[in-house]
2 protein chains.
Amino acid sequence: MEAIQNIVEIKTWSALCHRRGRRIGFVPTMGALHEGHLSLVRLAKQFSDHVAVSIFVNPLQFSAQEDLAQYPQDLRSDFALLEELDIDVVFVPNPREIFPPGFQTKVGVSELSKNLCGKFRPHHFEGVATIVLKLFHWVSPDIAVFGQKDYQQCRVIEQMVQDLHLDTSILRGPIVREKDGLAMSSRNRYLNESERECAAHLYRALTLAKHLFEQGERQSDVFIHAVASYIRENMPSGQIQYIQICDALTLEDVVTIHKKCVLAVALFLGKARLIDNIELDP
Amino acid sequence: MEAIQNIVEIKTWSALCHRRGRRIGFVPTMGALHEGHLSLVRLAKQFSDHVAVSIFVNPLQFSAQEDLAQYPQDLRSDFALLEELDIDVVFVPNPREIFPPGFQTKVGVSELSKNLCGKFRPHHFEGVATIVLKLFHWVSPDIAVFGQKDYQQCRVIEQMVQDLHLDTSILRGPIVREKDGLAMSSRNRYLNESERECAAHLYRALTLAKHLFEQGERQSDVFIHAVASYIRENMPSGQIQYIQICDALTLEDVVTIHKKCVLAVALFLGKARLIDNIELDP
């Protein structure tokens, strides 16, 4: 595994792979890797000849009051985990190279960034899209893998790739969960022991909704009410940010479920903001 | 000269050039070609092996009250002019392919888009940057040429290329003028005979400023006052939109000229909005 820190080197590596007719798989991450990330890397390996993983805590996607300064970083552990997966390149770009003086170009995917997390994190997806496009320019991946836990992020990136006609196929990796159902996330490290235990109820709430769906329920407000009640009862210290049912493609709110939707939840528990989702596909 | 209308074909052409180690020169235009455009094409030819010119009236860079519907189009004349210059490809993309249903990704270069034309055309440069990035993705040019008449556009594109670390060098072509000094522009076709004659005074006003500069003047307000007075006196039907002296790199207003600046003017004359500029370099 080669560690690359600058843009010229990653471009050179990418050009060499392409010249040899090899397919590049790419997994952009913010480090603090867990089994969720590793599953994305395995997916990338399955569909490409060479895999690059980037580790970059992207300041553009954090707002002033968010956890940029506290965001977990553990390069040594990340490298060890990636080494085991036998990938080709770990790309750890230098922020000063990514954001040269005068940097001011941003990429926005307007409609898909408005709802759900975008409502509460107004420049988050602009920050994500901007950095992902930059990374794509350097790595020129044939495929790139994103985790479905960040459902809105998946849609934003898919739409950007479609709108800009980029030569990269986006794959989604399914949500990887702890044994008790909690979706894996680097931010789970913020939870203390009792919060961690309580956090498992978020997935149980989604499972409850899935059950209702399988019984034939199609009205969004019924799901939202059921999930909210379950969370209020079982996670009394949780602060719900949103519970929404949205069209799986447009992410617009849906009143009655006629086609594939996503039920998405965001809540604060202690210092952690947890998000999770399930698809409801009639 | 090959005419290409779809994205797959232009990508294929570009990939073939690159595989053969040839340098692609690219001149994006909105058609209604005049000697100004042709000078850019000649510059592109000089610095590359194969030249592509795109013709696309980009709706994103017009606001609702602007002249999108009236913008001159004359593909037959454009093709004939390009044919004479012996370029390789004229790329006339299909708007439906450029803007597929659901299209919503925009690229903004924030600081450089704020002043000058950007103050009066709020989404103009976002529209320009978005379409230019898309074209760059398909054509993958080694060099791309833009006219210095659109000074702010040059800076926006240069900054975008720098911020996104694109592999395209931006060249600027100098302003090409009619015999009486009027900067060539597709929009000069909007001028009637007497307006056309009067329009030449815009360049005379800039020449006056250049003269003051050569005599040692460095105070922006002196230039602005002199240019405004000249225009009001000699172009009584002209409506000045702005006269500004800005730092040539940041495009921020400058009080005293210490380093390279641009004196830029925009005014309405009849149905035409004319822009022109000169650099003042101490």
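Please refer to the structure placed before this passage.
The numbering scheme is per chain: residues are counted from 1 as the chain's sequence reads. Here chains are named by letter from A upward and ligands by number from 1 upward, in the order in which they appear as written. The predicted nature of this model means local features are confined to residues of pLDDT at least 70 and side-chain atom pairs, given and counted, to a pLDDT of 80 or more, with totals for whole chains, interfaces and linings taken over all residues. In computing side-chain properties, one takes all heavy atoms of the structure into account and sets aside hydrogens as well as water.

### Examining empty space enclosed by the protein
All names here are of chain A. Every definition here rests on a 1 Å grid over the protein atoms only: cavities are sets of points where a 1.4 Å probe fits but cannot get out, pockets are open sets enclosed by protein on both sides within 12 Å along at least five of seven lines, and lining residues have some atom within 4 Å of a point. Grid points are joined across faces, edges and corners, and a volume is the space filled by probe spheres set on the points. Scanning the model with the defined rule gives three cavities of 30 Å³ or more in all. The calculated volume of the largest cavity comes to roughly 800 Å³. What lines the largest cavity is a set of 44 residues, and nearest its centre among them are His37, Gln61, Lys149, Asp150 and Gln153. Here a strand is any run of E in DSSP of at least two residues, a helix any run of H or I of at least four, and the numbering for each starts at the N terminus. Broken down by element, the lining of the largest cavity gets its largest block of residues, six residues, from helix H6 (residues 124-139). Of the residues in the lining of the largest cavity, the class split is 22 nonpolar, 16 polar and six charged. For the lining of the largest cavity, the two domains that each supply at least three residues are domain 1 (2-173) and domain 2 (186-276). Size it by volume and the second largest cavity reaches roughly 70 Å³. In this structure, the second largest cavity is lined by 13 residues; those nearest its centre are Leu182, Ala183, Asn188, Leu274 and Ile275. Note on residue classes: Ala, Val, Leu, Ile, Met, Phe, Trp, Tyr, Cys and Pro are nonpolar, Asp, Glu, Lys and Arg are charged, and everything else, Gly too, is polar. Throughout the structure description, domain borders are defined by an automatic or database domain assignment.

### Topic: the packing of helix H8 (residues 193-214) of chain B against helix H9 (residues 220-234) of chain B
Residues and elements named next belong to chain B. Axis lines are fitted to C-alpha atoms, over the contacting stretch for helices. Their N-to-C directions set the angle, which ranges from 0 to 180 degrees. For the pair H8 and H9, interaxial distance at closest approach is 9 Å and the crossing angle is 155°. With respect to each other, H8 and H9 are oriented roughly antiparallel. As H8 packs across H9, the resulting crossing turns out to be right-handed. Contacts between H8 and H9 involve Cys198, His201, Leu202, Arg204, Ala205, Leu208, Ala209, Leu212 and Phe213 from the former and Phe223, Ala226, Val227, Tyr230, Ile231 and Asn234 from the latter. Its residues placed into classes, the contact of H8 with H9 shows 12 nonpolar, two polar and one charged. In this scheme, roughly parallel covers angles under 35 degrees and roughly antiparallel covers those over 145, while 65 to 115 is roughly perpendicular and the rest are oblique. Crossings are assigned a handedness: left-handed for a near helix turned anticlockwise from the far helix by less than a right angle, right-handed for a clockwise turn. The contact criterion used is simple: two residues touch if any of their non-hydrogen atoms lie within 4.5 Å.

### Points about the pattern of salt bridges
Residues and elements named next belong to chain A. One side-chain nitrogen of Lys or Arg within 4 Å of one carboxyl oxygen of Asp or Glu is enough to make a salt bridge. Tallying each qualifying case throughout the model produces 26 salt bridges over all chains. One salt bridge connects Arg172 with Glu158, and the closest N-O pair in it is separated by 2.7 Å. Taken together, the residues Arg172 in strand S7 (residues 169-173) and Glu158 in helix H7 (residues 151-163) connect sequence positions 14 residues apart. The salt bridge involving Arg196 is made with Asp180; its shortest N-O contact spans 2.9 Å. Here the residue Arg196 occupies a position in helix H8 (residues 193-214), and Asp180 occupies one in the loop between S7 and H8, the gap between them amounting to 16 residues.

### Section: the interface of chain B and chain A
Taken together, the contact between chain B and chain A spans 29 residues of the former and 29 residues of the latter. Simply put, the buried area is the total loss of 1.4 Å probe accessible area from both parts when two parts are fitted together. Roughly 2,300 Å² is buried in total at the junction of chain B and chain A, and carbon and sulfur atoms are behind 47% of that figure. Scanning the region where chain B abuts chain A turns up two salt bridges. One salt bridge connects Asp167(B) with Lys11(A), and the closest N-O pair in it is separated by 2.6 Å.

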